[in-house]
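# Fold and geometry: a report
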Amino acid sequence: MYTQALNTAEADDRSLEDVAHAAQFQARIDAEERIEPNDWMPAAYRKTLTRQISQHAHSEIVGMLPEGNWITRAPSLRRKAALLAKVQDECGHGLYLYAAAETLGTSREELVDAMLAGKAKYSSIFNYPTLTWADIGVIGWLVDGAAIMNQIPLCRCSYGPYARAMIRVCKEESFHQRQGYEIMLTLCRGSDEQKAMAQDALNRWWWPVLMMFGPPDKVSQHSDASTKWKIKRFSNDELRQKFVDATVPQAQYLGLTIPDPGMTQDAEGHWRYSEIDWTEFKQVLAGNGPCNRDRMAARRKAHDEGAWVREAAAAYAKKRQYRQSAQAAE
Amino acid sequence: MVVANIEVSETPLVLYTLRRADDALILGHRLSEWCGHAPMLEEDMALSNIALDLIGQARELYGYAAKAEGKDNDEDKLAYLRDVRQYRNLLLVEQPNGDFAQTLVRQFFYSAFADLYWRAMMNSRDATLAAVAAKSEKESAYHLRHSSEWIIRLGDGTEESHARAQAAIDRLWAFTGEMFAVDDSERGLIDAGIAIDPIALRERWLKTVTNVAGEATLVLPQNDWMQQGGRFGRHSEHLGHLLSELQSMQRTFPGLTW
């Protein structure tokens, strides 16, 4: 769903044995060629991408939880079906992304284990709770909206499998975003209670959504290599500004107020937001968000309670293979 | 302001359609509870997919029940504004998910029936029910394949999975008889060629179930006692909790559009 804040490239690739290979690799990147799984690539490129793609996959999977929280309580059958289909899409994104990460040589099991052990990150936005139905609207509208801002440039990422996965993911995300906005529109055209619910959800999600784009450029340390390798094409602040400029008119159309009294529009038409509280961001990243513990506990529970099922499937597959080869030998 | 339960004029056709709609919704709801919590991502996808098919079937059937009733009801009123005594689903489908084996055995028993049922209903003289059947039959065939494969894997997998699958069969078996029961209101529809006689499906259902259980090295119970009541609103205690969750928004904020 979202990766920008998670870009943590290796500072540099210092162990290149083959300078010629590296130069050729960079020349291909500069010529906008796609790097494919069997192509030579610097170890740091592989490591950076494995980390970024797997963190993106973990985000999709953990991201199922806050929205999944409303599947059983969706207020109409149409909303229930749409939400279930949406969360299922997120799961599908997680699957393609794990598959894309596996092309770099690390198995899905290892990647998932790292997440469950708390060693791999996922997007911090999913550590916030979904308290009312309006949160489902806001997540579609803003969280998926921010994800799209981030992911459209990733469709041109230098690594072929990731870029191709992003094309499909972006199509589905833009559908989700429209769905979320439509939920908001329905609430804002509804009763006073519904409008208040929509405003309250916007108030709670606005700042965490802005934090999804990652630390401000002046303190972001990790972008250089990713930029050079054309994994990342825009800075955190550029994308954040683009998102704010796109979102403010949408909020106005809904009749909602962005919870930033200091926000002003500059001469060029950009909406300038107030200082973001980065202490909160750091706290959530450090594991102290409102739902970090619950999210990890839910994923671990699903994993642990599912172990006997996965073992049964593996045992059966093995028995079957044994019987087939025994039959073939007869 | 409407807060209370709606009233439904349960003519034989309305009641018949509602019963099938309730089966689909309640089972779809149960499966949707797994979303995000399944043993593997592939099963998060598959169980959600089956849930979506069933919720889709429920919506078509509720829409038709409302139309057949010809009052002010619609799919959401039928789903969200009837209480436990007005729900008409099979006891089988409201049983809690339990572990993965309980969920899959419940699905297997139901899908083995639904596959035959919808195929037969494609010949209904009621054009709408026949059209719903044509779509549902394709879906049910996939649901049956999915659950059969899992019953075999679990039964013939590890010692633990075998024990869990057997326990699930033993626990859920007594809820299977209700699928084949017919009351007077349905008898008239059967005679008119609108509904099919489920008794005619029982032998083939039992054959499918016996074959799959056999391949899975599982044993079907000998006990013939069958629990019934769901079709008349006499449910297990589980359904009330499910409905209080399903209906919470409509009950808390009555009469609004979402």
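This is a predicted model, so every value here is computed, not measured.

## Some words on helix α1 (residues 19–30) of chain A
Residues and elements named next belong to chain A.
- Under the 1.5 Å per step criterion, the end-to-end length of α1 is 16 Å for 12 residues, consistent within 8% with the ideal 16 Å.
- Of all the residues in α1, the buried ones are A22, F25, Q26 and I29. Mapping the buried residues of α1 onto a view down its axis gives an arc of 95°, with all of them on the same face. For α1, the exposed residues lying more than 90 degrees away from the buried face are A20 and Q24.
- At the C-terminal side of α1, E32 shows a positive phi close to 65°.

## Details of the packing of helix α12 (residues 292–305) of chain A against helix α13 (residues 307–329) of chain A
All names here are of chain A.
- One can describe the packing of α12 onto α13 by two numbers: an axis separation of 4 Å at closest approach and a directional angle of 40°. Across from A302, H303, D304 and E305 in α12, the residues of α13 making contact are A307, W308 and R310.
- For the contact of α12 with α13, the class distribution of residues is 3 nonpolar, 1 polar and 3 charged.

## So, α12 of chain A
- For α12 of chain A, built from 14 residues, the straight-helix expectation of 20 Å at 1.5 Å per residue is met to within 8% by its first-to-last C-alpha distance of 20 Å.
- By the burial criterion, the buried members of α12 of chain A are N292, R295, M296, A298, R299 and A302 of chain A. Angular distribution of buried residues about the axis of α12 of chain A spans 160°; they occupy a single face of the element. Exposed side chains of α12 of chain A directed beyond 90 degrees from the buried face belong to R293, D294 and D304 of chain A.
- Summarising the contacts, the buried residues of α12 of chain A are in contact with α2 (43–62), α3 (64–68), α5 (108–116), α11 (278–288) and α13 of chain A together with α2 (41–69) of chain B.

## A short note on the pattern of salt bridges
- Per the counting criterion, the structure on display carries 37 salt bridges over all chains.
- In this structure, R323 of chain A engages D156 of chain B in a salt bridge whose closest nitrogen and oxygen atoms are separated by 2.8 Å. Note that R323 of chain A is positioned in helix α13 and D156 of chain B in the loop between α6 (127–155) and α7 (159–172), a pairing that runs across two chains.
- On the basis of relative accessible area, R323 of chain A is assigned to the partly exposed category, the value being 41%.
- Salt-bridge contacts for R164 of chain B lead to D99 of chain B; the nearest nitrogen and oxygen are separated by 2.9 Å. One end of the pair, R164 of chain B, is in helix α7; the other, D99 of chain B, is in the loop between α4 (91–94) and α5 (100–121), and 65 residues separate them in sequence.
- Relative accessible area serves as the criterion here: at 28%, R164 of chain B is assigned to the partly exposed category.

## Focus: the confidence of the model for chain B
- Averaged over every residue, the pLDDT of chain B is 97; residues scoring 70 or more account for 99%.
- Listed scores for the predicted complex are pTM 0.95 and ipTM 0.97.

## Some words on the packing of α5 of chain A against α12 of chain A
All names here are of chain A.
- Remark: α5 packs on α12, axes separated minimally by 10 Å, with the N-to-C direction vectors making an angle of 135°. Relative to α12, α5 is oriented oblique. Facing V112, D113, M115 and L116 of α5, the residues of α12 in contact are M296, R299, R300 and H303.
- Counted by class, the contact of α5 with α12 contains 4 nonpolar, 1 polar and 3 charged residues.

## So, the packing of aromatic side chains
- This model, assessed by the stated rule, comprises 21 aromatic pairs over all chains.
- When the ring of Y45 of chain A is compared with that of W229 of chain A, the centres are 5.5 Å apart and the planes differ by 90°; the resulting orientation is edge-to-face. One end of the pair, Y45 of chain A, is in helix α2; the other, W229 of chain A, is in the loop between α9 (223–228) and α10 (236–254), and 184 residues separate them in sequence.
- The exposure class assigned to Y45 of chain A is buried, which follows from its relative accessible area of 0%.
- We classify W229 of chain A as buried; its relative accessible area is 3%.
- Clustering of aromatic rings is evident, with ring pairs tying together F108, F109, F113, Y117, W118, W173, F180 and W205 of chain B.
- Of note, R153 of chain B hangs over the ring of W150 of chain B, and the distance from its end group to the ring centre comes to 4.5 Å.

## Examining the interface of chain A and chain B
- Between chain A and chain B, the contact holds 45 residues from the first and 48 residues from the second.
- Where chain A abuts chain B, roughly 4000 Å² becomes buried across the two surfaces, and 69% of that area is made up of carbon and sulfur atoms.
- Linking chain A with chain B are 3 salt bridges.
- When the shortest N-O distance is used, the salt bridge between E42 of chain B and R108 of chain A registers 2.8 Å.
- In this assembly, chain A and chain B are joined by 17 residue pairs in polar contact (both at pLDDT 80 or more).
- Those elements giving two or more residues to the side of chain A that touches chain B turn out to be α3, α4 (77–102), α7 (160–188), α8 (192–211), α12 and α13 of chain A.
- Among the elements that take part in the side of chain A that touches chain B, α4 of chain A stands out by supplying 13 residues, more than any other.
- Residues of the side of chain A that touches chain B, tallied by class, amount to 26 nonpolar, 8 polar and 11 charged.

Rules used in this analysis
- Residues numbered from 1 in each chain as written.
- Chains lettered and ligands numbered in written order.
- Predicted model: local features only at pLDDT ≥ 70, side-chain atom pairs only at ≥ 80, totals over all residues.
- Heavy atoms only, no water.
- Helix = DSSP H or I, 4+ residues; strand = E, 2+ residues; numbered from the N terminus.
- Expected span 1.5 Å × (residues − 1).
- Buried < 20%, exposed > 50% of the residue type's maximum accessible area, 1.4 Å probe, protein only.
- Arc of directions from axis to C-beta.
- Axes fitted to C-alpha atoms, helices over the stretch in contact; angles between N-to-C directions.
- Contact = heavy atoms within 4.5 Å.
- Nonpolar A, V, L, I, M, F, W, Y, C, P; charged D, E, K, R; others polar.
- Salt bridge = Lys/Arg side-chain N within 4 Å of Asp/Glu carboxyl O.
- pLDDT = per-residue confidence, 0-100.
- Parallel < 35°, antiparallel > 145°, perpendicular 65-115°, else oblique.
- Phe/Tyr/Trp six-rings, centres within 6.5 Å; stacked < 30°, edge-to-face > 60°.
- Lys NZ or Arg CZ within 6 Å of the ring centre and 35° of its normal.
- Buried area = accessible area lost by both parts, 1.4 Å probe.
- Polar contact = N/O pair within 3.5 Å; in protein donor to acceptor, adjacent residues only side chain to side chain.

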